[in-house]
Amino acid sequence: MASAHGASPGVADDRIYLDKGLTGTNRSRPGLDQALAAVRAGDTLVVPKLDRLARSVPDARDIGDTLFARGIRLSLGGNIYDPADPMSKMFFNMLAVFAEFEADLLKMRTREGMAIARSKGKQPKLSARQQAELVRMHSSGEYSIADLMEVFTVGRATVYRVLDRAKAQQSA
């Protein structure tokens, strides 16, 4: 999400607002809130795609109407949305429907994927042979946790989990 004065194609870095790591399923997104607070009458809020701005038709309409009431233009993918123009309004609403549909499909696929993964049981990130090698390398004292993370391309928690399991098996 970015705001820029006028309808210029470039947007200054300090005028770019992002919501990193958020799913966007709710409206309380800090980057969106900052962008909406930063734009003033006569500005253009530049958004690459409508699904970056809103995830539902009512939310898109609310944001679009609020911007229009404040005298702020909305650029979606390089096109200026004009709620006073019937064609522009229809196109905006169609984009909102598709954005909501896309978000719903993503949610459905995510739920299905999680259900499939649960039914198969969680697979370990490392094979038994890899886990044994990780434990051997660690006990040699030549490799740090960071080294093991890099060698096996796993996170810190996975390295510690493997080491803890090995320690528990040795003491049993």
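(A) Expanded view of the packing of helix H5 (residues 145-152) against helix H6 (residues 156-171). Direction vectors running N to C along H5 and H6 enclose 105°, while the axes themselves pass 9 Å from each other. One way to sum up the angle between H5 and H6 is to call them roughly perpendicular. Taken together, the residues of H6 that come into contact with H5 (itself represented by Ile145, Leu148 and Met149) are Arg156, Val159, Tyr160 and Leu163. Partitioned by chemical class, the residues of the contact of H5 with H6 number 6 nonpolar, no polar and 1 charged.

(B) Structural view of a nonpolar patch on the surface. The grouping of Met87, Met90, Met94, Phe98 and Phe101 at the surface amounts to a nonpolar patch, some 550 Å² of accessible area in total. Here Phe98 lies in helix H3 (residues 86-120). Take Phe98: its relative accessible area is 54%, and that puts it in the exposed class.

(C) Quick peek at the environment of Pro30. Position of Pro30 relative to the elements: it lies in helix H1 (residues 30-38). With a relative accessible area of 47%, Pro30 lands in the partly exposed category. As for Pro30 and Tyr17, which are separated by 13 residues in sequence, their C-alpha atoms are 8.6 Å apart.

(D) Broad picture of the nonpolar core. Counting residues in each nonpolar core, the largest one holds 21 residues, and the members touching the most others are Leu45, Leu50, Leu53, Ile63, Leu67, Leu74 and Phe92. For this core, the elements supplying multiple residues, two or more each, are H1, strand S2 (43-47), helix H2 (57-69), strand S3 (73-76) and H3. The next biggest cluster of nonpolar side chains, apart from the first, holds 12 residues, and it includes Ile145, Phe152, Val159 and Val162.

(E) Broad picture of helix H4 (residues 128-139). Taking 1.5 Å per residue as the helical rise, H4 with its 12 residues ought to reach 16 Å, and the 17 Å between its terminal C-alpha atoms agrees with that figure. Contact partners of the buried residues in H4: H5 and H6. Just downstream of H4, Gly141 is the residue with a positive phi angle, here 80°.

(F) Geometry of the packing of aromatic side chains. Enumeration according to the criterion identifies 1 aromatic pair in this entry. Ring centres 4.1 Å apart and planes at 25° place the aromatic pair Tyr81 and Phe92 in the stacked group. With Tyr81 in strand S4 (residues 79-81) and Phe92 in helix H3, this pair connects stretches of sequence that are 11 residues apart. Each of the two residues, Tyr81 as well as Phe92, counts as buried.

(G) Here's a closer look at a positive patch on the surface. Residues Lys122, Lys125, Arg161 and Arg165 make up a contiguous surface patch of positive charge. Within the secondary structure, Arg161 sits in helix H6.

Reading guide: rules and limits
- Residues numbered from 1 in each chain as written.
- Predicted model: local features only at pLDDT ≥ 70, side-chain atom pairs only at ≥ 80, totals over all residues.
- Heavy atoms only, no water.
- Axes fitted to C-alpha atoms, helices over the stretch in contact; angles between N-to-C directions.
- Helix = DSSP H or I, 4+ residues; strand = E, 2+ residues; numbered from the N terminus.
- Parallel < 35°, antiparallel > 145°, perpendicular 65-115°, else oblique.
- Contact = heavy atoms within 4.5 Å.
- Nonpolar A, V, L, I, M, F, W, Y, C, P; charged D, E, K, R; others polar.
- Patch = residues over 30% accessible without salt bridge, like charges linked within 9 Å, V, L, I, M, F, W, Y side chains within 5 Å.
- Areas by Shrake-Rupley, 256 points an atom, 1.4 Å probe, with all protein chains shown as cover.
- Salt bridge = Lys/Arg side-chain N within 4 Å of Asp/Glu carboxyl O.
- Buried < 20%, exposed > 50% of the residue type's maximum accessible area, 1.4 Å probe, protein only.
- Core = buried A, V, L, I, M, F, W, Y, C linked by side-chain atoms within 4.5 Å.
- Expected span 1.5 Å × (residues − 1).
- Phe/Tyr/Trp six-rings, centres within 6.5 Å; stacked < 30°, edge-to-face > 60°.
- Lys, Arg positive; Asp, Glu negative; His and termini not counted.
- Charge placed at Lys NZ, Arg CZ, Asp CG, Glu CD.

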